[in-house]
Amino acid sequence: TVAGKRTAKDNSEDQLRKVEELGHYLIKSDRGKVISSNFQDGDTLEEKEETQRCKELLEEDLGKEMYKERWELLLHCEERQLENDIRHYDMADTKLKFDKVRKLFVLEVPGLEENRPSVMKGDKIFVFSHSDNREYEGFVHLIQEEKVLLGF
């Protein structure tokens with residue numbers, strides 16, 4: 001993936017004081033496969049053990065000794081579902097136009113006015129180019145009705 005051009009730091013709309021920046025936590029591959037398979041037994045021993053552990057976490061009574069682990073699993077399930085849901089908005093055979101004044105690319109997004117999908121300034125949008133067989137990371141710089149302006 002080719003990295004994109006981030007938006008300038010703009011806090012004009014964000015009046016919240018950030019106490020601590022949250023990190024990005026990846027789901028372990030075994031757990032990800034187990035969640036994606038709807039908790040069916042996996043192919044490897046590690047996946048089978050993770051399936052059993054996940055089922056135990058979900059079926060046992062909630063107690064303080066497993067509270068953190070169960071919530072972690074539920075958050076992983078939610079994250080995986082969000083990843084699946086966002087794929088609904090994938091667009092194919094779409095052309096980008098270049099705005100020479102703003103020096104940004106314009107992408108028309110049907111349903112954007114109705115917040116389907118919900119897009120905010122600073123969000124990443126990935127574009128795959130068939131001409132050079134590469135993926136590019138674009139950042140939303142501006143939102144206009146049915147269009148987003150992206151920096152690559």
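A brief look at the structure comes next.

Rules used in this analysis
- Residues numbered from 1 in each chain as written.
- Predicted model: local features only at pLDDT ≥ 70, side-chain atom pairs only at ≥ 80, totals over all residues.
- Heavy atoms only, no water.
- Phe/Tyr/Trp six-rings, centres within 6.5 Å; stacked < 30°, edge-to-face > 60°.
- Helix = DSSP H or I, 4+ residues; strand = E, 2+ residues; numbered from the N terminus.
- 1 Å grid on protein atoms, 1.4 Å probe; cavity = no way out; pocket = protein on both sides within 12 Å on 5 of 7 lines; lining within 4 Å.
- Points joined across faces, edges and corners; volume = space filled by probe spheres on them.
- Nonpolar A, V, L, I, M, F, W, Y, C, P; charged D, E, K, R; others polar.
- Pairing = 2+ DSSP bridges.
- Salt bridge = Lys/Arg side-chain N within 4 Å of Asp/Glu carboxyl O.
- Buried < 20%, exposed > 50% of the residue type's maximum accessible area, 1.4 Å probe, protein only.

1. Quick look at the packing of aromatic side chains
So, point 1. Within this structure, the stated rule accounts for three aromatic pairs.
So, point 2. Look at F105 and F152: their rings are 5.6 Å apart centre to centre, the planes differ by 80°, and that puts the pair in the edge-to-face class. Of the two residues, F105 is situated in strand β2 (residues 104-108) and F152 in the segment after β5 (147-151); the sequence distance between them amounts to 47 residues.
So, point 3. These aromatic residues form a ring-pair network of at least three members: F98, F105 and F152.

2. Description of the layout of surface pockets
So, point 1. Of the pockets and cavities examined, the second largest pocket occupies roughly 230 Å³.
So, point 2. Around the second largest pocket, the lining residues are Y25, E72, L75, H76, E78, E79 and L82.
So, point 3. Within the lining of the second largest pocket, the residues separate by chemical class into three nonpolar, one polar and three charged.

3. Re the pairing of β2
Consecutive side chains of a regular strand alternate in pointing toward one face of the sheet and then the other.
So, point 1. Relative to β2, strand β1 (residues 97-99) runs antiparallel, the two sharing three bridges. Residue pairing across strands places F98 opposite F105, the latter belonging to β2.
So, point 2. Between β1 and the antiparallel strand that follows it, β2, lie four residues; K103 among them carries a positive phi value of about 60°.
So, point 3. Here β2 pairs with β5 via four bridges, running antiparallel. Pairing of L107 across the sheet is with V148, part of β5.

4. Remarks on the pattern of salt bridges
So, point 1. A full pass over the atoms with the stated rule returns 10 salt bridges.
So, point 2. Note that E50 is salt-bridged to R31, the shortest N-O span being 2.8 Å. In this pair, E50 is assigned in helix α2 (residues 45-59) and R31 in helix α1 (residues 29-36), connecting sequence segments 19 residues apart.
So, point 3. Given the relative accessible area of 6%, R31 is considered buried.
So, point 4. For E69, the salt bridge is made with R53, and the minimal N-O distance between the two is 2.3 Å. Residue E69 is located in helix α3 (residues 67-86), and its partner R53 is located in helix α2; the two are separated by 16 residues in the primary sequence.
So, point 5. Its relative accessible area of 32% is what places E69 among the partly exposed residues.
So, point 6. We classify R53 as partly exposed; its relative accessible area is 29%.
So, point 7. The structure contains a network of salt bridges with shared partners spanning R31, E50 and E72.

Note that all results are geometric; they support no functional claim without further evidence.
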